[in-house]
Amino acid sequence: MATDLHDLLRSLRVWDPATTELPSFDPAAAPAEPLALFTEWFAQAVAAGQPEPHTMSLATADADGTPDVRIVMLHGADADGWAFATHAGSHKGRQLAARPYAALGFYWSAQGRQIRLRGPVTTAPVPEGQADLHARSTGALAAALTGRQSDVLGSVEELARASDAAWERARREPDAPVPSWTLYRLRPERVEFFQGDAGRRHVRLVYRRTEAAWTKELLWP
């Protein structure tokens, strides 16, 4: 029997009490800048058992303004911005070259939390990007060495051959350079923290960057 998508959707619920504990969040006690709150929430997501809390949605747009989105991994966050990496010639790399502005989204279902950021994106110096790559796993280096990200693939066998060669080189040369691999940083102009509430009185706290400091405001849910 075929699955009825609409019936399946109506049967689902979010924030099941059996698996989700919605913490309280007092926005009046939030720190003056968003990085500190992000770090606190990230640590709490890890402690709550959130699977892969370091994955995030990255939204970009091409030269015509057509949007695109995908899941990538957070490589770090500091005063310079939230970092991620990809090949410069990939779809997202080309889109960022055409429009160096993006948005990030985190969703941590274990606690009913979302974090959204948007702002300009810059590239890190090449040595810093290569150092970031070589600090990761052998598999990450092998994937980067495989290259040709977003190009048309002729067959899965072609991928297997290229991947095997890349894994062999990654094991043999753990510092092998990947010239196209680029570290990007999004320096947020706006950051929103969303805390879900069982009574649908969700808390939304927004930080906006000004020349002098960050401002904070609440939004209706």
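Look above for the structure.
Residues numbered from 1 in each chain as written. Predicted model: local features only at pLDDT ≥ 70, side-chain atom pairs only at ≥ 80, totals over all residues. Heavy atoms only, no water.

**A few points about the packing of helix α5 (residues 138-146) against helix α6 (residues 156-172)**
Alright, step 1. It is the contact of α5 with α6, at a shortest axis distance of 8 Å, that shows an interaxial angle of 130 degrees. Comparing the axis directions of α5 and α6 gives the class oblique. In this structure, α5 crosses over α6, and the sense of that crossing is right-handed. Along its contact with α5, which presents Thr 138, Gly 139, Leu 141, Ala 142, Leu 145 and Thr 146, the element α6 presents Leu 159, Ala 162, Ser 163, Ala 166, Trp 167, Arg 169, Ala 170 and Arg 171. (Axes fitted to C-alpha atoms, helices over the stretch in contact; angles between N-to-C directions. Helix = DSSP H or I, 4+ residues; strand = E, 2+ residues; numbered from the N terminus. Parallel < 35°, antiparallel > 145°, perpendicular 65-115°, else oblique. Left-handed = near helix turned anticlockwise from the far one by under 90°. Contact = heavy atoms within 4.5 Å.)

**Describing unusual backbone geometry**
Alright, step 1. Positive phi is not limited to glycine here, since Trp 15 has a value of about 55 degrees.
Alright, step 2. When you line up the elements, Trp 15 lands in the loop between α1 (5-11) and α2 (34-47).
Alright, step 3. Backbone geometry at Ser 150 places phi at a positive 80 degrees, although glycine is not the residue there.
Alright, step 4. Looking at the element boundaries, Ser 150 is found in the loop between α5 and α6.

**Digging into the packing of aromatic side chains**
Alright, step 1. Inspection of every chain in the model, using the stated rule, returns 11 aromatic pairs.
Alright, step 2. Grouped by ring-pair contacts, the aromatic residues Phe 25, Trp 41, Phe 193, Tyr 207 and Trp 214 constitute a single cluster.
Alright, step 3. The ring centre of Trp 41 lies 4.0 Å from the NZ or CZ of Arg 113, which sits over that ring. (Phe/Tyr/Trp six-rings, centres within 6.5 Å; stacked < 30°, edge-to-face > 60°. Lys NZ or Arg CZ within 6 Å of the ring centre and 35° of its normal.)

**Concerning the pattern of salt bridges**
Alright, step 1. Inspection of the entire model under this criterion finds 12 salt bridges.
Alright, step 2. One salt bridge connects Arg 10 with Asp 7, and the closest N-O pair in it is separated by 2.6 Å. Taken as a pair, Arg 10 and Asp 7 lie in helix α1 at a separation of three residues, close to a single helical turn.
Alright, step 3. A salt bridge links Arg 208 to Glu 217; the shortest N-O distance between them is 2.5 Å.
Alright, step 4. Residues joined in a network through salt bridges with shared partners are Arg 116, Arg 190, Glu 192 and Arg 204. (Salt bridge = Lys/Arg side-chain N within 4 Å of Asp/Glu carboxyl O.)

**With respect to the side chain of His 202**
Alright, step 1. Within the fold, His 202 resides in the loop between β8 (190-195) and β9 (203-209).
Alright, step 2. Residue classification places His 202 among the buried positions, given a relative accessible area of 15%. (Buried < 20%, exposed > 50% of the residue type's maximum accessible area, 1.4 Å probe, protein only.)

None of this, on its own, says anything about what the molecule does.
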